[in-house]
Amino acid sequence: MKPRFEVAHVLGCEHHRLHYLVSNTWKLRTLYVIEACKTHLMGGHIDQCTNPQCGKIHISYNSCRNRHCPKCQGHKKEMWIRQREKELLNTSYFHVVFTLPSQLNKIAVFIPEVLYNLLFKVAWETIAAFAANPKFLGAKTGMIAILHTWGQNLWLHPHLHCIVPGGGITANNKWKYVKGKGKFLFPVKAMSTVFRAKFVKALRQELPKLNPLYKKLFDQRWTVYCKRPFYGPSQVIEYLGRYTHKIAISNHRIQNIENRKVTFTAKDYRKGGKKYDVTLSSSEFIRRFAMHILPKGFVRIRHYGILSSAIKLKVHELAKQQLGEIVITQHEPLKHNKCPCCKIGDLVIIARFDIRGPPNIIIPVGANYMIKLNSI
């Protein structure tokens, strides 16, 4: 069901003030394309149904395809899930979350690429170090990591969602399970301590002038969370798909936009996920939303170790021989070009128009339809 309110509507409320609210030109450009997504400002095309009993005409406006846009993630998510399913290993997997403390939020605001790159780097170093230790595994493992920067109320809350297989490849090219035949990964308290020490050391080397901050970072516990293993490998990618193409807030969470105020729902995970409403001025909503627009070219989904692109094919063959193959449920083809009216015919493009909006020459189509065309 199409949501009544959208992030684009909030941006429209402050369209002429966006350059005052957001000074970063890359973020400003991103906000403008999100506002224009699937409107006449993006141009579009005219489709016709191939079903002779239908033959209806549909005007479609182009999407912005921006990774921060709430309207452009569904199809990308499905494609990503289907590609990753082919790479699954027949073993248990764990969901591990690495979270940075709020004291580092100022760095995230001013030099996000430095902080977020270190988060990826140190999270993988922590996993790899525990995997290499014979006490815990004694093998090389892998990791898929997805960066999220937000909390439910749109404040900064940088953290990584990681999927780690329950085992790894030894120096003799043999698969080795973690403890309990893949039912237990690594001790989270020990991982939290190591993660904190490694991160502070790396940050001190990167930004040596912030020494007073580093001392404070050791005064609190850092959080590394590890969920119990999934019931089967086939659940892993579907689960991870929830995180890969998620953005700071979905359109469905926005409940109302009125008098330049925005109300949206949030969950309080300290109270079991209980929902509550948050109301912000439209300018504050945009300010918070813009904090989660990543730097240009920043990679927010990364693969490491035996799941990296460099060696995953070789590892997959070894694992298949030793662990057996996974039977993946066959999906129906993605049906994004079916006619929404008859759901039988395909939609074929019969004309395109540019960003000046729908063309202005009217010609007849069939017996019942009139459409505007200026190019075929």
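Residues numbered from 1 in each chain as written. Predicted model: local features only at pLDDT ≥ 70, side-chain atom pairs only at ≥ 80, totals over all residues. Heavy atoms only, no water.

Hey, could you run me through the nonpolar core in this one?
Soluble globular proteins tend to bury their nonpolar side chains together. Grouped together as the largest cluster of nonpolar side chains are 48 residues, with contacts concentrated most on Phe98, Leu104 and Phe199. Looking at this core, the elements with two or more residues in it are strand S3 (93-99), helix H5 (105-110), helix H6 (112-132), strand S4 (142-150), strand S5 (156-165), helix H8 (188-206), helix H9 (211-217) and strand S8 (223-226). With eleven residues, the top contributor of residues to this core is H6. Beyond its immediate chain neighbours, meaning those up to four positions away, Phe199 contacts Leu100, Leu104, Leu115, Leu118, Leu119, Val122 and Trp222. Counting 29 residues, the second-largest nonpolar core is a separate cluster that includes Phe5, Leu18, Trp150 and Phe289. (Core = buried A, V, L, I, M, F, W, Y, C linked by side-chain atoms within 4.5 Å. Buried < 20%, exposed > 50% of the residue type's maximum accessible area, 1.4 Å probe, protein only. Helix = DSSP H or I, 4+ residues; strand = E, 2+ residues; numbered from the N terminus. Contact = heavy atoms within 4.5 Å.)

What's the story with the side chain of Glu6 in this structure? I'm lost.
Residue position: Glu6 is located in the segment before helix H1 (7-13). Residues contacting Glu6, with those up to four places away along its chain left out, are Lys71, Asn251, Ile254 and Ile257.

Hey, could you run me through empty space enclosed by the protein in this one?
Regions of empty space are outlined by a rolling probe, equal in size to a water molecule, passed over the atoms. Under the definition given, this model contains two cavities of 30 Å³ or more. Forming the boundary of the largest cavity are 13 residues, of which His68, Trp150, Ile247, Ala248 and His292 lie nearest the centre. Of the residues forming the lining of the largest cavity, the biggest block, three residues, is contributed by S4. Its residues placed into classes, the lining of the largest cavity shows seven nonpolar, three polar and three charged. Estimates place the volume of the second largest cavity at around 30 Å³. In terms of lining, the second largest cavity is formed by Lys27, Ala108, Val109, Pro112, Tyr116, Met291, Ile293 and Leu294. Here the residues of the lining of the second largest cavity are counted per class, giving seven nonpolar, no polar and one charged. (1 Å grid on protein atoms, 1.4 Å probe; cavity = no way out; pocket = protein on both sides within 12 Å on 5 of 7 lines; lining within 4 Å. Points joined across faces, edges and corners; volume = space filled by probe spheres on them. Nonpolar A, V, L, I, M, F, W, Y, C, P; charged D, E, K, R; others polar.)

What is the right way to look at the packing of H6 against H8 in this model?
Each pair of packed helices gets described by two things: the angle between the helix axes and the distance between those axes. Contact geometry of H6 with H8 gives a least axis separation of 9 Å together with a crossing angle of 140°. When the axes of H6 and H8 are compared, the pair comes out oblique. H8 is crossed by H6, and the crossing has right-handed handedness. On H8, the residues that touch Val114, Leu115, Leu118, Leu119, Val122, Ala123, Glu125, Thr126, Ile127, Ala129 and Phe130 of H6 are Ala190, Met191, Val194, Phe195, Lys198, Phe199, Ala202, Leu203 and Glu206. Of the residues that constitute the contact of H6 with H8, the class distribution is 16 nonpolar, one polar and three charged. (Axes fitted to C-alpha atoms, helices over the stretch in contact; angles between N-to-C directions. Parallel < 35°, antiparallel > 145°, perpendicular 65-115°, else oblique. Left-handed = near helix turned anticlockwise from the far one by under 90°.)

I'm lost on the pairing of S5 in this one. Help?
Within a regular strand, the side chains alternate between the two sheet faces. Burial of S5 is extensive: nine of the ten residues sit out of reach of the surface. Summarising the sheet, S3 and S5 pair through seven bridges and their orientation is antiparallel. Paired with Thr99 across the two strands is His159, which belongs to S5. What sits between S4 and S5 in their antiparallel hairpin is a turn of five residues, with Leu154 showing a positive phi close to 75°. (Pairing = 2+ DSSP bridges.)

Even after reading the chapter, I still don't get a nonpolar patch on the surface, so can you show me in this structure?
A cluster of nonpolar side chains, contributed by Val109, Phe110 and Ile111, occupies part of the molecular surface with about 290 Å² of accessible area. Position of Phe110 among the secondary structure elements: in helix H5. Overall, the relative accessible area of 67% leaves Phe110 in the exposed class. (Patch = residues over 30% accessible without salt bridge, like charges linked within 9 Å, V, L, I, M, F, W, Y side chains within 5 Å. Areas by Shrake-Rupley, 256 points an atom, 1.4 Å probe, with all protein chains shown as cover. Salt bridge = Lys/Arg side-chain N within 4 Å of Asp/Glu carboxyl O.)

Where do I start with the layout of surface pockets in this structure?
Roughly 1600 Å³ of internal volume is contained in the largest pocket. Trp150, Gly151, Gln152, Lys246 and Tyr269 are, among the 48 residues lining the largest pocket, the residues nearest its centre. Listing elements by their share of the lining of the largest pocket, those giving two or more residues are helix H4 (74-85), S3, S4, S5, S8, helix H10 (233-244), strand S10 (261-268) and strand S11 (274-281). When residues in the lining of the largest pocket are grouped by element, the largest group, five residues, is from S5. Taken together, the residues that form the lining of the largest pocket break down as 18 nonpolar, 20 polar and ten charged.

What exactly am I supposed to notice about the pattern of salt bridges here?
Once their charged atoms are close, side chains differing in charge can pair, the charge on each being opposite to the other. Under the defined criterion, the tally for this structure stands at nine salt bridges. One salt bridge in this structure joins Glu14 and Arg17, with 2.6 Å as the shortest N-O distance. A salt bridge links Glu14 to Arg260, with the shortest nitrogen-to-oxygen separation between them at 3.1 Å. Pair noted here: Glu14 is in the loop between H1 and helix H2 (18-21) and Arg260 is in the loop between strand S9 (254-258) and S10, with a separation of 246 residues, a long-range link.

Please clarify how the sheet that holds S11 should be interpreted in this entry.
Backbone hydrogen bonds are what pair the strands of a sheet, in a parallel or an antiparallel way. Pairing in this open sheet of three strands is antiparallel, and the strands run S9-S10-S11 from one edge to the other. The open sheet has two edge strands, S9 and S11, and neither has a second partner. The mean inter-strand angle of the sheet, taken between neighbouring strand axes irrespective of direction, is 25°. Pairing analysis gives eight bridges linking S10 to S11, with the strands arranged antiparallel. Looking at S11, one finds that Lys267 is bridged to Lys275. Where helix H11 (residues 282-290) meets the sheet, its contacts fall on S9, S10 and S11, and the angle it forms with S11 comes to roughly 110°.

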